[in-house]
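# Geometric and topological summary
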Amino acid sequence: MAGKMQDEDVRVGVDHFPERQPIGTAAGDLDRDYREPPPAPIFEASDLSSWSFYRAGIAEFVATFLFLYVTVLTVMGVSRSPSKCATVGIQGIAWAFGAAIFALVYCTAGVSGGHINPAVTFGLFLARKLSLPRALYYAVMQCLGAMCGAGVVKAFGAAAYEAAGGGANAVAAGYTKGDGLGAEIVGTFVLVYVVFSATDAKRSARDSHVPVLAPLPIGFAVFLVHLATIPITGTGINPARSLGAAIIYDRPHGWHGHWIFWVGPLTGAALAALYHQVIIRAIPFKAAASDSTHY
């Protein structure tokens, strides 16, 4: 009997549980009888006349504002100290980024999905989880929030802010631009892949004996990537975070190689979306098989 059940589990696999879960929500709150949702339309006119659409953008703005405020202040505190032993150090910076994402994704998941990152938005758009207008709106609001967050930090003390490099991303001495680009691609791949995995309702249904709070692994992924890549690029993996810091810092150092912090994260997000949707979930193949039943 156990052998038959095991064979059935292998044959059915995770595709026995179609998903119906937005980013950041708990699978335990949904029915176990999942249906694969239709892809989001490229353009959804009803979005533009819906208050929930604009409310979601405001939530992304506020969350990214708070994200930059907390994290850039942490970077300033470490940079100003004459001894790293007297501060939280690189590990503390990584914890600040990861914990901020955990808290802010938890707060905004039910309103906007808790992206707080144009690369995450881009990956989810490629997976047809949201429309193009919503993706563009989110990205604009995230960038504006990042600029305002860094701007408030600079207002606290421009001299200290500039002495700390404004929290701007740049490839560290001893590394090439190719090294920095590779670090950003792989780092963002890790983040966006974790976002897809942590919010996959099929996986949560199959492994329902292991409760997963989606913001927790997402925040932990940000922490791990920062530990690995702070010495290389200061860790971007978020174009809004890099743009906001560069604009407010407004020094050549902040703009040198800035393209890396857009091309790297967007490429990593696209690869993560492709890997999860095509390899892990095999959604395009399932869709083709479903269409063939009509002939």
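Worth saying up front: this structure is predicted, and the values here are computed from it rather than measured.

The next subject is the UniProt feature "transmembrane region" (unreviewed entry) in the chain. UniProt feature "transmembrane region" (unreviewed entry): in the numbering of this structure it lies at residues 58-78, 90-114, 135-161, 181-198, 210-232 and 259-276. Helix makes up 76% of residues 90-114 and strand makes up 0%, while its end C-alpha atoms are separated by 25 Å. Split by type, residues 181-198 is 100% helix and 0% strand. Its first and last C-alpha atoms lie 26 Å apart.

Across its 20 residues, helix α3 (residues 89-108) extends 28 Å between first and last C-alpha, which sits within 8% of the 28 Å expected from 1.5 Å per residue. Taken as a whole, α3 has its buried residues at G89, G92, I93, A94, A96, F97, G98, A100, I101, L104, V105 and T108.

Right, let's talk about empty space enclosed by the protein for a bit. The final tally for this structure, using the stated rule, is one cavity of 30 Å³ or more. The calculated volume of the largest cavity comes to roughly 130 Å³. If you trace the largest cavity, you find 17 residues lining it, with I101, H115, N117, L191 and V222 closest to the centre. Elements supplying a minimum of two residues to the lining of the largest cavity: α3, α7 (177-198) and α9 (215-233). The residue makeup of the lining of the largest cavity, split by class, is 11 nonpolar, six polar and no charged.

Our focus in this paragraph is α9. When the local axis directions of α9 are compared, the greatest deviation, roughly 45 degrees, occurs at L227, which is followed within four positions by the proline P231. What α9 keeps buried is the set P215, I218, G219, A221, V222, F223, V225, H226, T229, I230, I232 and T233. In the stretch just after α9, G234 is the one whose phi turns positive, near 80 degrees.

This paragraph deals with the pattern of salt bridges. Here the structure, examined in full by the defined rule, presents two salt bridges. Where E162 meets K154, a salt bridge forms, and the shortest distance between an N and an O atom there is 3.9 Å. Between E162 and R251 there is a salt bridge, with the nearest N and O atoms lying 3.1 Å from each other. Of this pair, E162 sits in helix α6 (residues 158-163) while R251 sits in the loop between α10 (239-249) and α11 (252-255), placing them 89 residues apart in sequence. Judged by relative accessible area, E162 falls into the partly exposed class, the value being 27%.

With that settled, consider the environment of Q277. The residue Q277 is located in helix α12 (residues 260-280) in this model. A sequence separation of 149 residues divides Q277 from R128, and the C-alpha atoms of the two residues are 10.0 Å apart.

Quick look at the environment of G264 now. Structurally, the position occupied by G264 is in helix α12. Given the relative accessible area of 0%, G264 is considered buried. Between the C-alpha atoms of G264 and G236, which are 28 residues apart in sequence, the distance is 8.9 Å. Every residue in contact with G264, bar those within four places of it in the chain, is listed here: L181, E184, I185 and T188.

Turning to the packing of aromatic side chains, a few remarks are in order. Scanning all chains against the criterion turns up 11 aromatic pairs. Seen from their ring centres, W95 and F223 are 3.9 Å apart, and the 20 degrees between their planes marks the pair as stacked. With a gap of 128 residues between them, W95 in helix α3 and F223 in helix α9 connect regions that are remote in the sequence. A relative accessible area of 48% places W95 in the partly exposed class. On the basis of relative accessible area, F223 is assigned to the buried category, the value being 8%. By the ring-pair criterion, three or more aromatic residues cluster together here, those being F53, Y54 and Y137.

Time to look at the nonpolar core. Formed by 55 residues in total, the largest nonpolar core has its most connected members in F67, M76, I101, I116, Y161, L191 and I218. Take this core: its biggest share by element is nine residues, from helix α2 (residues 51-80). Not counting residues up to four positions away in its chain, the partners in contact with I116 are E60, A63, T64, F67, I101, L104, V105, T108, Q142 and N238.

Rules of the game
- Residues numbered from 1 in each chain as written.
- Predicted model: local features only at pLDDT ≥ 70, side-chain atom pairs only at ≥ 80, totals over all residues.
- Heavy atoms only, no water.
- UniProt positions renumbered as here; feature names shortened; annotations may be inferred.
- Helix = DSSP H or I, 4+ residues; strand = E, 2+ residues; numbered from the N terminus.
- Expected span 1.5 Å × (residues − 1).
- Buried < 20%, exposed > 50% of the residue type's maximum accessible area, 1.4 Å probe, protein only.
- 1 Å grid on protein atoms, 1.4 Å probe; cavity = no way out; pocket = protein on both sides within 12 Å on 5 of 7 lines; lining within 4 Å.
- Points joined across faces, edges and corners; volume = space filled by probe spheres on them.
- Nonpolar A, V, L, I, M, F, W, Y, C, P; charged D, E, K, R; others polar.
- Bend = angle between axes of the 7 residues up to and from the residue.
- Salt bridge = Lys/Arg side-chain N within 4 Å of Asp/Glu carboxyl O.
- Contact = heavy atoms within 4.5 Å.
- Phe/Tyr/Trp six-rings, centres within 6.5 Å; stacked < 30°, edge-to-face > 60°.
- Core = buried A, V, L, I, M, F, W, Y, C linked by side-chain atoms within 4.5 Å.

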